[in-house]
Structure formats: C-alpha cells, structure tokens
Amino acid sequence: MGTKGKFILAVMPLALLSFTLPAPAQTSTVPMGHTETIQPAAKATQAAPPYFSPDSIAKVRPIPTPPVIAVRRQGPNAEKCTKLRASGAGGWEPVTYLDNRKVARGVAVDILQEFAGQNRLEAEIDLSIPWNRGMLMLANGEIDVMAGAYFTQERDTKFLYSRPFASDDVMVFQNANHTFKVKEVGDLIHRRGARPQGGSYGDFLDDYATDYLDIIFSPTGNRILDLLINQRVDYVMLGRYDGLANIANDRIGRQIHMVEMPLVKNPVMFMFSRKSPCLELVPQLNHFITELEKTGRLMEMTKIHLPAVPQN
C-alpha cells in the first residue's frame, strides 16, 4: 500500500442538500466483474455535444424525498422483519469492502449493524454476492437492502432510497506521464476512456458518456488502472475512493495521476427492496443517520474506512 494520509469524505447532512427530483425516467445499473475482456460502450451519434461549466457539472445529484411508507408484505421472507439481509459492492472503500479476511467492512456496514442491534434485528451482510445478482435478489425481495448506491431515476421506480449517509466524487484518473487538462466533462471528448463494467455514475454522466464520449466498459474490476499504465486508454473514470484504494493496494501512486476537479458529486444511500418486510423501518433508519450526523459520529465512522493516500 502507498504512503498513508488522510481523506475526509464529504458526509452530507440533509440540511446541506438541496435537490429537485426529476420525474422518473430510464437509466441503469451496477458495479464491475472480474473477466479480462473489454467491450465497447454503446454510443449515439450527436452533431454537437454540449459543454458545461465545472460549477454546473460538479453538483450533488438529485435524490428522492423519503415517503411515508405503507407496506403490504410480500416476497420470500415477508412474514416479519427479524433479519436485515444486505449486500453491496465488495471493493468500495469507505462505503463497503471486504478486508483481508473477507469480512464485510465499511461505514455502510457499521450503520446497518448498529441500527439492527438497536432494533433487535439480526444483520446478515454478504458482500461476496456479485452486484448484478444482488440487484436481482433485491428486486425479488430475497435481500432487503443494498448497502450503498447512487441515485438513478430508473432505480427510483423499482426501489426505495434512504437518506444519504455519504457522498462520492466521480473523478478522472490519468497516466502520470501522459496528463491533460480536464476542467469539464467536455474535455474528455476525442479521447479514449474506460469505466467499470455495468456501474452507474448517475443519470447525467451515464447519458453524456453514451452520447458523446469514446469510452469502453472494462470488467477487470480493481485492475482497471492497468489500462492506463499500459496506455490502452487516455483516462479512467472512477469514484474518488474506489480509484484511490486501487492505487494504494497496487502501489502505483507514481504511475497514476488523479485530476482533482470531480465530474459529478453523487450522494450515497441505502437502497431497499419494495418487497422487503423491513421497508417500514426506513424512516427510523433515516432518523438514525440524522442523529449520527448531528453528533459527528458519522464522520468518525467514515474516517476509519478511508483508503490510504497514494503519493506521486
């Protein structure tokens, strides 16, 4: 691992968030796998891409207002909420990750475990489930919650989001010997890029990448930065802490440069199955997150799981 330092994750109290939720539409999906093939992303042809100022791009994405919940219990284990069954990304520090012993860790794990204990529930958190499979299980009510997800309009029609408990910046990573200026997402046009297979970075960035960017989906998971080292692409698009964890774990801090201007800032929320018997507990979970923010414990819980700081 590279030289250690400190990062402060932008934990986002609800009072600081100001959103206007767009009407439900269509978008997608989920984190990465581990095969070695690289597939081109689908692209649409547009005559002239729009440019946006950094101030208009690096905004927190809109999130839903948690509704009052009336639940008709259904699904495979819908008699009563006695166990909080969760899955999530296995390598997304500080949100969710597996440690060296393959134990589920992260601020989302800590929140769910403490909340479950206060409500006399068993917390069953399995981060070894592939993301795509976990999403299908969530839709079917086989698990109750994904422990950390970005907001998209399509997901909002299928699942129920909690209050945000963290924020993640989507960043541009470059080969340290082949850098170029990036002040806005339009600066990536006419350059070859890569992003994780299947992952969503929010509606705006997903749509912009499909319409205007020459970008490939890489299923190589936490080896995606090899594409930069081998100069197969000009940049890689990753979440800030996802990228920094990869750099630290692979000891490649001198070879990779992170452009500090984020493309977007995405709230991170729990995402519940609408078939879960635990759906009625979402307002209580929201209150629990609010109290963690007010007391400063949420920041403390987050700092424990921040990846080490790679130095160039």
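Coordinates for the structure precede this section.
This structure is a prediction, so every number in the text was calculated from the model and none was measured. (Residues numbered from 1 in each chain as written. Predicted model: local features only at pLDDT ≥ 70, side-chain atom pairs only at ≥ 80, totals over all residues. Heavy atoms only, no water.)

Participant: It is not clear to me how the pattern of salt bridges should be interpreted in this structure. Could you clarify?
Facilitator: Opposite charge on two side chains allows them to pair when their charged atoms are near. Scanning the entire structure with this criterion turns up 14 salt bridges. Where Glu260 meets Arg240, a salt bridge forms, and the shortest distance between an N and an O atom there is 2.9 Å. With a gap of 20 residues between them, Glu260 in strand E12 (residues 256–273) and Arg240 in helix H7 (residues 240–250) connect regions that are remote in the sequence. Glu260 sits in the partly exposed class, given a relative accessible area of 46%. (Salt bridge = Lys/Arg side-chain N within 4 Å of Asp/Glu carboxyl O. Helix = DSSP H or I, 4+ residues; strand = E, 2+ residues; numbered from the N terminus. Buried < 20%, exposed > 50% of the residue type's maximum accessible area, 1.4 Å probe, protein only.)

Participant: Hey, could you run me through the sheet that holds strand E3 (residues 91–92) in this one?
Facilitator: Two orientations exist for strands paired in a sheet by backbone hydrogen bonds: parallel and antiparallel. Read from one edge of the open sheet, three strands run E3-E4-E5, paired in antiparallel fashion. Where the open sheet ends on each side, the last strands, each with one partner, are E3 and strand E5 (104–105). The pairing of E3 with strand E4 (residues 96–98) spans two bridges and is classified as antiparallel. What sits directly across from Gly91, in E4, is Tyr97. (Pairing = 2+ DSSP bridges.)

Participant: Help me understand the packing of helix H2 (residues 107–118) against helix H8 (residues 282–295) in this model?
Facilitator: When two helices pack together, their arrangement is given by the angle between their axes and by how far apart the axes lie. Axis separation between H2 and H8 bottoms out at 11 Å; the angle between their running directions is 115°. Crossing angle aside, the handedness with which H2 passes H8 is right-handed. Two secondary-structure elements touch here, H2 through Ile111, Glu114, Phe115 and Gln118 and H8 through Gln284, Leu285, Phe288 and Leu292. Residue classes in the contact of H2 with H8 are distributed as five nonpolar, two polar and one charged. (Axes fitted to C-alpha atoms, helices over the stretch in contact; angles between N-to-C directions. Left-handed = near helix turned anticlockwise from the far one by under 90°. Contact = heavy atoms within 4.5 Å. Nonpolar A, V, L, I, M, F, W, Y, C, P; charged D, E, K, R; others polar.)

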